[in-house]
Amino acid sequence: MKHKKPKKLAGDIVNTLQIPRDLAYRDVVVTIVGSSELYIENYKSILEYEDWGILVQTKKGKIRVEGRNLKIEYYTSEEMKIQGCILHVYHE
Amino acid sequence: MKKWKYYGKGYLHIRLMSKEPERFLNLCANHNIPIWDLTHVENYYEMNITIQGFYQLKPLCKKTKTRIMIKGKYGLPFFFYKNKKRKAFFIGIALCLFLLYGMSLYIWNIHVEGNLSNSTQSILLYLDELDVHHGIAKRKLDCAWISAQIRKEFPDIIWVSTKIQGTRLILHVQENTDRYVEEEAADTSPCDLVAEKGGTIVSMVTRQGTPQMAKGDVCKEGDILVLGRLDIKDDSGETAQREYVHSDADIYVRTQYQYYQEFPLSYDKRVYTGKTKKHYILQIMDTYFSTRGRAPFTDYHSVSSTNRVKLTENFYLPITYGTITDYEYTPETLTYTKAEAVKKAQRKLTSFLDKLSEKGVEICDNRVKIEINSTSCISKGSIEVIEKIGKEAPTEVVAPPEAEERTAETDE
């Protein structure tokens, strides 16, 4: 009970200051541009990479991107850009 | 842009053979090793990696039991390494850069903007006098000084901005569009108005001075029309005081011009045969080259059209090229017919009258007769005109009236 209070307070501060969730909680941001470009920000690591699918670990669960001829244009420890024919994106 | 950065520093295309490729990739990300264009081909992973990144891979490979194969080397460092024996090539590049830098230290174009009444050429000529010319070193230029000098030299340029942009010297000038001309201070020294021509006065309006003649009088050349002296008389009618003024009057006289014009009836005419010959010319400094050998025809006249080579807008080189075309003709002696001669004489007379009119002379009567004899056409007669006269001449200063009186008294 004791450590719950500050968490609620932190949540309130975040809400009052209107800080975006991706900055406040490091929530994952997935941006899809058309059907061939996809950006994932705030991910943790790559779990699987094949040319038909990519599985990425985030803070709260995993995200799977499926498609054809998937290519990672670039990736850093925080962000990656995927190119190729994107068919599905879902949480696991 | 990023690709160019990688190209400049050099990068490798590598193939990954590993049982745990994802682990290897995550380790790369955690060590901030830039990796791009990652593809999965069959059982291999292929990617691009920077040279520095590649050197950091060794411990990661050991950790994940990964084998790496270099598929290709790209970028400038590899390019230089491959071409290290081609010295002339690199010397050429260096020389080119050096020349480019060297050339950029000089002015290659002088551009003048905003000038309407002062021609660009006249401004450039003046700049030449200031020792500012094409090809001058940029460091020798002082823009503020140039602006000041131009404003001094051209009074109707009211504003000059001089700037160096790259290898161009840009002069932005603003001219006075009001056409304000500084009026000369009115001459107030005492003077008379003297007739420079004889005639009958038809109108006379005196603004300042004592008129010596009136409308209807006949004046001769040299007569004083308006005297620049005012005699102020007292009650007894004697001159009490004399004042001297700058005479000013509009005086019009009726006068005559004698006209005589004669020209022979026969004249030479060039009859062109239609034959032409074209030659090319080239002039470098004072040396002159031409494709023309001997004179092509016995009688001909030449028309040349030349162009000067210029490097930039106003940067002319001492090289001229162009063509000379010779037109052949046969000289023939022809005679004017009576009608033609009269027409020509009339044309000459008209142009003479037009010139008079331009001077502000009003033509009243034209008594010119055209006569044609066997060899020539003579037009003679007189032209009566009304013309403004009056030439300024210094007024003779007469002793003041008091002095006269005093001398008279002493005489007594």
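Just so you know, these numbers come straight off a predicted model, no measurement behind them. Per chain, the residues get numbers from 1 upward, laid out in the order the sequence is written. By the order in which they are written, chains take letters starting at A while ligands take numbers starting at 1. Side-chain atom pairs in this predicted model are given and counted only at pLDDT of 80 or more, local residue features only at pLDDT of at least 70, and totals for whole chains, interfaces and linings cover all residues. Values shown for side chains rest on all heavy atoms present in the structure; no hydrogens or waters enter the calculation.

Visitor: Requested: an account of the overall build of chain B, with residues and values cited.
Guide: Numbered from the N terminus, helices here are DSSP runs of H or I no shorter than four residues, and strands are runs of E no shorter than two. Along chain B, the regular secondary structure elements total 10 helices and 22 strands. Should any heavy atoms of two residues lie within 4.5 Å, those residues are considered in contact. The long-range fraction of contacts in chain B, counting pairs at least 24 apart against all pairs at least 6 apart in sequence, stands at 66%. Roughly 27200 Å² of accessible area belongs to chain B as shown, and the carbon and sulfur atoms make up 53% of that amount. A 1.4 Å probe and the Shrake-Rupley method give the accessible areas. Residues count as covered only by the protein chains that appear here.

Visitor: Which residues make up the nonpolar core, and what are the values?
Guide: Grouped together as the largest cluster of nonpolar side chains are 34 residues, with contacts concentrated most on Tyr-75 and Met-80 of chain A together with Leu-57 of chain B. Only buried Ala, Val, Leu, Ile, Met, Phe, Trp, Tyr and Cys residues count toward a nonpolar core, and they belong to the same one when joined by side-chain atoms within 4.5 Å. Relative accessible area decides the class of each residue, using a 1.4 Å probe on protein chains only: under 20% of the type maximum gives buried, over 50% gives exposed, and in between gives partly exposed. In terms of nonpolar packing, the next biggest core, distinct from the first, is built from 19 residues, Ile-123, Leu-130, Leu-169 and Leu-171 of chain B among them.

Visitor: Explain the packing of aromatic side chains to me, using residue names and the numbers behind them.
Guide: The description of an aromatic ring pair uses the distance of the two centres, along with the angle that the planes make with each other. Stacked, edge-to-face and tilted are the three classes for Phe, Tyr and Trp ring pairs, Trp counted by its six-membered ring, which pair at centre distances within 6.5 Å; planes under 30 degrees apart are stacked, over 60 edge-to-face, the rest tilted. Taken as a whole and assessed by the stated rule, the structure comprises 16 aromatic pairs over all chains. The criterion is that NZ of a Lys, or CZ of an Arg, lies within 6 Å of the ring centre and within 35 degrees of the ring normal, and then a charge sits over that ring. When the ring centre of Phe-263 of chain B is taken as reference, the NZ or CZ atom of Lys-344 of chain B above it lies at 4.8 Å.

Visitor: Describe unusual backbone geometry, naming the residues involved and giving the relevant values.
Guide: Of note in the backbone geometry, Gln-18 of chain A takes a positive phi value of approximately 55° without being a glycine. For Asn-32 of chain B, which is not glycine, the phi dihedral falls at a positive 55°. With respect to the element layout, Asn-32 of chain B can be found in the loop between helix H2 (21-30) and strand S2 (35-41). A relative accessible area of 60% means that Asn-32 of chain B is categorised as exposed.

Visitor: Lay out the environment of Cys-61 of chain B with the relevant residues and their values.
Guide: Residues and elements named next belong to chain B. As for its position among the elements, Cys-61 is in helix H4 (residues 57-64). Residue class for Cys-61 comes out buried when judged on its relative accessible area of 14%. Along the sequence, Cys-61 and Leu-16 sit 45 residues apart, while their C-alpha atoms lie 9.7 Å from each other. Setting aside residues up to four positions removed in sequence, Cys-61 forms contacts with Phe-24, Thr-66 and Ile-68.

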